[in-house]
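Residues per chain are reported as follows:
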Amino acid sequence: MPELPEVETTRKLIAPLLEGRTILGFEYDPSPRYSALEDTIGLTVSTLSRRGKYILIGFEDSDLELIVHLGMTGGFRPTPDKHTRVTVHTGLGHTDYSDVFFTDSRRFGKWRTVRRGEYAEMPTLHAMGPEPLSEDFVLEDFVEAASKAGTVKPWLLSQKPVAGLGNIYADESLHLSGIHPESRKLSRAQSVRLFEAIKQVLAKAVHAGGSTLNDGSYQQPDGNPGYFQLEHRAYGREDQPCLTCGEPIYKYWLGGRGTHVCAKCQPLERS
Ligand SMILES: [Zn+2]
């Protein structure tokens, strides 16, 4: 599933294809997954921003916002393919027409037009924590919340302590900070390490264009893969030696999610 680095890479690459252009229409199969898209026809795109794993498309002279969630396999492509679900027709003035194609083989992606900032129908977005690569992500707030948290990995995945972490970057951040995914109520030292690891892992992953896994479902919108998978320390490395200590990484299921751990570097300290 695309996480913050993949969504941010997608946002950066499609922004030039949409910003300043007028929405002329959409083509898609009717589905509750695509809601009120037509409300934006005739509007001109002003900005593409991002919150967590959501792309937010803003418009000139309008308080509407088009929210795109990539789901498991959603992404933008320069040309249509057999899994194209939404085609956006755009124009610049009355001459320069072009299309943007949203592909999504497993159909978990969602598009919805809302009043800007009104996310009550999207609980995850509504309750989303601070952006980890912004000044809104404050160490003391994180330390305080982590000192009361339940099992740390599901807590991170909830999007409440921090926005944008999914399975890959939760495993990577926990490995880098030497914290077992089932740790609870983190100590101050643990929280400080985890806070720094989250920022470091996500910044590097954004720089690398995200992670393209073996299923190939995530590509950058220009058709290139991401490259951060080459820097993974835990995720997808089961039975391979830990890059820190040489012990084999093991994989198990925690809360229904494949979880990758080094037993030596990430001891479970019950508190
Ligand atoms: Zn290790």
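How each quantity is defined
Residues numbered from 1 in each chain as written. Predicted model: local features only at pLDDT ≥ 70, side-chain atom pairs only at ≥ 80, totals over all residues. Heavy atoms only, no water. Helix = DSSP H or I, 4+ residues; strand = E, 2+ residues; numbered from the N terminus. Rg over C-alpha atoms; globule rule 2.2 N^0.38 Å. Contact = heavy atoms within 4.5 Å. Areas by Shrake-Rupley, 256 points an atom, 1.4 Å probe, with all protein chains shown as cover. Donors = N, O, S within 2.8 Å, 3.2 Å for Na, K, Ca; no water. Tetrahedral: all angles 85-135°; square planar, octahedral: opposite > 155°, others 65-115°. Buried < 20%, exposed > 50% of the residue type's maximum accessible area, 1.4 Å probe, protein only. Pairing = 2+ DSSP bridges. Axes fitted to C-alpha atoms, helices over the stretch in contact; angles between N-to-C directions. Lys, Arg positive; Asp, Glu negative; His and termini not counted. Salt bridge = Lys/Arg side-chain N within 4 Å of Asp/Glu carboxyl O. Polar contact = N/O pair within 3.5 Å; in protein donor to acceptor, adjacent residues only side chain to side chain.

Asker: Help me out: how do you make sense of the overall build of the chain in this one?
Answerer: For the chain, the count of helices and strands is six helices and 11 strands. Taking 18 Å as the expected radius of gyration for a compact globule of 271 residues, we find that the chain reaches 20 Å, a close match to that expectation. Dimensions of the chain along its principal axes, counting C-alpha atoms only, are 65 × 35 × 30 Å. A separation of at least 24 residues holds for 63% of the contacts in the chain among residues at least 6 apart in sequence. Taken as a whole, the chain presents about 12600 Å² of accessible surface, with 51% of it coming from carbon and sulfur.

Asker: Sorry if this is basic, but what is going on with the environment of Pro241 here?
Answerer: Relative to the elements of secondary structure, Pro241 occurs in the loop between α6 (188–207) and β10 (250–254). Spatially, the C-alpha atom of Pro241 lies 8.9 Å from that of Cys262, the residues being 21 residues apart in sequence. Contact partners of Pro241, with chain neighbours within four places excluded, come to Gly246, Glu247 and Pro248.

Asker: I keep staring at the environment of Thr95 and nothing clicks. Help me out?
Answerer: Its place among the elements puts Thr95 in the loop between β7 (84–92) and β8 (96–103). Separated by 56 residues in sequence, Thr95 and Asp39 place their C-alpha atoms 22 Å apart.

Asker: What is the right way to look at the coordination of the zinc ion in this model?
Answerer: Angles at a metal have ideal values that depend on geometry: 109.5 degrees with four tetrahedral donors, 90 or 180 degrees with six octahedral donors. For the zinc ion, the full set of protein donor atoms is Cys242 (SG), Cys245 (SG), Cys262 (SG) and Cys265 (SG), and the range of their distances to it is 2.2 to 2.4 Å. Given four donor atoms and angles of 97 to 114° at the metal, the environment of the zinc ion is assigned as tetrahedral. Within one chain, the residues serving as donors to the zinc ion are arranged as C-x2-C-x16-C-x2-C. Residue Cys242 is found in the loop between α6 and β10, and its partner Cys265 is found in the segment after β11 (257–261); the two are separated by 23 residues along the sequence. You'll find Cys242 and Cys265 in the same group, each marked buried.

Asker: Even after reading the chapter, I still don't get the sheet that holds strand β6 (residues 75–77), so can you show me in this structure?
Answerer: In a beta sheet, neighbouring strands pair by backbone hydrogen bonds and run either parallel or antiparallel. On the basis of which strands lie adjacent, the open sheet formed by four strands has the order β1-β7-β8-β6 and antiparallel pairing. On the outer flanks of this sheet lie β1 (22–28) and β6, each paired with one strand and no other. With direction set aside, neighbouring strand axes in the sheet form an average angle of 25°. In terms of strand pairing, β6 meets β8 through three bridges, oriented antiparallel.

Asker: Looking at this structure, how should I read the side chain of Glu3?
Answerer: The topology assignment puts Glu3 in the segment before α1 (4–18). Despite its burial, Glu3 pairs with no opposite charge, the nearest such side chain being Lys53 at 5.9 Å. Reaching out from Glu3, the side chain makes a polar contact with the backbone nitrogen of Gly166 at a distance of 2.7 Å. Within the local environment of Glu3, its side chain forms a polar contact with the backbone nitrogen of Tyr169, the two atoms lying 3.1 Å apart. Apart from residues no more than four positions distant in its own chain, Glu3 is found in contact with Lys53, Gly164, Leu165, Gly166, Asn167, Ile168 and Tyr169.

Asker: How should the pairing of strand β4 (residues 54–59) be read in this particular structure?
Answerer: Burial of β4 is extensive: six of the six residues sit out of reach of the surface. Here β4 shows two buried faces, one formed by Tyr54, Leu56 and Gly58 and the other by Ile55, Ile57 and Phe59. Where strand β3 (residues 45–51) folds back on β4, the antiparallel hairpin that results is connected by two residues, among which Gly52 adopts a positive phi of roughly 55°. Pairing of β4 with strand β5 (residues 64–69) involves five bridges; the strand directions are antiparallel. Bridging across to β5, Ile55 finds its partner in Val68.

Asker: I'm lost on unusual backbone geometry in this one. Help?
Answerer: The general pattern is negative phi for most residues beyond glycine and trans for most peptide bonds. Non-glycine residue Ala36 carries a positive phi angle of around 60°. Structurally, Ala36 is set in the loop between β2 (34–35) and β3. What makes Ala36 partly exposed here is its relative accessible area of 30%. Even without a glycine there, the phi angle at Lys185 is positive, about 40°. With respect to the secondary-structure elements, Lys185 resides in the loop between α5 (167–177) and α6.

Without other data, these values stay purely geometric and don't point to any function.
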